[in-house]
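Spelled out, the chains give:
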Amino acid sequence: MTTSSEFDGLDTPLETSNSPALKFEVLAKCSTTKARASRMHLPHYTAHTPMFMPVGTMGTIKGLTTKQLEQLDCHVILGNTYHLGSRPGPELLEKAGGLHGFMTWNRGLLTDSGGFQMVSLLKLANITEKGVEFENPHDGKMMMLTPEMSIGLQNSIGADIMMQLDDVVSSLTTGPRVEEAMWRSVRWLDRGIKAHKRPTEQNLFPIVQGGLDERLRTISAQQLIQRDSPGYAIGGLSGGEAKGQFWRMVSLSTDILPTNKPRYCMGVGYGEDLVVCSALGVDMYDCVFPTRTARFGNALVRTGSLALHKGKYRNDTAPIDSDCDCATCTRYSRAYLHIAASKETTGCHLLTVHNIAFQMRLMRDIRQAIVDDCYPQFVRSFMRTRFGKTVPRWIVDALKSVHIDLTVPDETGYFAAAIDADFQKEPNV
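What counts as what
Residues numbered from 1 in each chain as written. Predicted model: local features only at pLDDT ≥ 70, side-chain atom pairs only at ≥ 80, totals over all residues. Heavy atoms only, no water. Pairing = 2+ DSSP bridges. Helix = DSSP H or I, 4+ residues; strand = E, 2+ residues; numbered from the N terminus. Phe/Tyr/Trp six-rings, centres within 6.5 Å; stacked < 30°, edge-to-face > 60°. Buried < 20%, exposed > 50% of the residue type's maximum accessible area, 1.4 Å probe, protein only. Contact = heavy atoms within 4.5 Å. Polar contact = N/O pair within 3.5 Å; in protein donor to acceptor, adjacent residues only side chain to side chain.

Spatially, the five strands line up as an open sheet ordered S5-S16-S15-S14-S13, and their pairing is parallel. On the outer flanks of this sheet lie strand S5 (51-54) and strand S13 (207-208), each paired with one strand and no other. Pairing of strand S14 (residues 232-234) with strand S15 (residues 263-265), which is carried by three bridges, proceeds in the parallel orientation. Bridging across to S15, Ala 233 finds its partner in Tyr 264.

Glancing now at the packing of aromatic side chains. Applying the stated criterion across every chain, the model contains six aromatic pairs. Taking 6.2 Å as the distance between ring centres and 85 degrees as the angle between the ring planes, the aromatic pair formed by Tyr 82 and Phe 134 counts as edge-to-face. Here the residue Tyr 82 occupies a position in helix H2 (residues 81-86), and Phe 134 occupies one in strand S9 (residues 132-135), the gap between them amounting to 52 residues. Overall, the relative accessible area of 12% leaves Tyr 82 in the buried class. By relative accessible area, which is 5% here, Phe 134 ends up buried. A centroid spacing of 4.4 Å and a plane angle of 65 degrees characterise the contact between Tyr 270 and Phe 289, whose relative ring orientation is edge-to-face. With a gap of 19 residues between them, Tyr 270 in the loop between S15 and helix H10 (271-279) and Phe 289 in helix H11 (residues 289-294) connect regions that are remote in the sequence. Taking relative accessible area as the criterion, Tyr 270 reaches 33% and is therefore assigned partly exposed. Three or more aromatic residues joined by ring pairs make a cluster, and in this case those are Tyr 375, Phe 378 and Phe 382.

What follows covers the environment of Thr 291. Following the sequence through the fold, Thr 291 ends up in helix H11. Remark: the alpha-carbon pair of Thr 291 and Ile 419, spanning 128 residues in sequence, is separated by 29 Å. When near neighbours in sequence (up to four residues on either side) are disregarded, Thr 291 contacts Ile 61, Thr 352 and Ile 356. For Thr 291, the side chain forms a polar contact with the main-chain oxygen of Val 288, separated by 3.1 Å.

Time to look at unusual backbone geometry. For the bond running from Thr 49 to Pro 50, omega is 5 degrees, close enough to zero to count as cis. Looking at the secondary structure, you find Pro 50 in the loop between strand S4 (46-49) and S5. Even without a glycine there, the phi angle at Asp 373 is positive, about 55 degrees. By relative accessible area, which is 36% here, Asp 373 ends up partly exposed. Unlike most non-glycine residues, His 403 shows phi in positive territory, near 75 degrees. Inspection of the secondary structure assignment puts His 403 in the loop between helix H15 (393-400) and strand S20 (417-419). Owing to a relative accessible area of 62%, His 403 belongs among the exposed residues under this scheme.

Neither face of strand S17 (residues 298-301) is open: one carries Asn 298 and Leu 300, the other Ala 299 and Val 301, and all of them are buried. By the bridge criterion, four bridges tie S17 to strand S18 (residues 304-307) in an arrangement that is antiparallel. Within S18, the position partnered with Val 301 by the bridge is Gly 304. Connecting the antiparallel pair S17 and S18 is a turn made up of two residues.

What follows covers the sheet that holds strand S10 (residues 142-145). Taken in spatial order, the three strands make up an open sheet running S8-S9-S10, and their pairing is antiparallel. Only two strands of the sheet have a single partner each, and these edge strands are strand S8 (126-127) and S10. Pairing between S9 and S10: four bridges, direction antiparallel. Counterpart to Val 132 in the pairing with S10 is Leu 145.

Encoded structure:
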């Protein structure tokens, strides 16, 4: 597999920040958009951004070994604090030398706080100033997760980057509850900072909240940067809100957050979202989408995805993607994967390999285009392949805000009309 080499020869950073457990170097900036390419030195690995981080809920990416993840050029993967805290638990993780030792992974790890799972997955979750009270799914007893407990669990897990416990509300929530959650998240951040026992070995990222309210988002971001953290996350989005609202909250956040520190947009994984949000100045992403959709027999390609379980692929002897050098594309045909897709464990494994490879290659291409200062051209080419002559309006508007106008013909003659749809499955060629 190809590995990241796009920063070869770039030795003089344009901007830097130094924290005890993180050094961030901005090595290239797009002269048109807010996109930038950076090197992030973590305790266990030096990652290149913009980057996509696959989600390994319980310390594993379903169907893949850590050796395969290295071969696929993954720099950082995610672990879930709630699940890891329940099983294997902090005592065993500490005995194993943290999650890195437990899962034999020598690159970067990021753990979430566990708060999202408390609220979205469990019954009878109740949020108070103390923390999140919830019903334990194993024995039915009521339990409490506080900011201090979340940080304690994450200290035991030992991830390079930890997330604060925040007061999670749906992105569709409106009214006083959104402001209450925003201010509580700030207070919980301060409690988490005080509870953090390993600041020279692990980084604590706060999370910008405020729902879809520009005023609250602005206050939240301004409050967080006063804490001078190693990096910052943009949270509370990708929860069903209109994409036009989504991109505006992302762009507002990156306008306020420091330019010399990493910015992490949580829960983003569609290819077009990665391209757009990188133009808006985001550096880090995560999402279950590439691995989850593989388990349903879908392979990611630049035109969208291939539902390989469908009959039209029964006799198709082509690889998923002739430009992909992953182990799946170099060995297996669509016809073979049609038989295995969503029915056999082998099919799930092979499609997961490809989908992770697709994400990693897309991120390398994004970084290279930023380094070469041709990101607008890359964006237009990507959108032409993905959507053709009609592009969702939110993408057109988001890109226009950073001086890429898809409705105006470029030197190749390509332009697109905006359509009122958040998603478009098939390209209109």
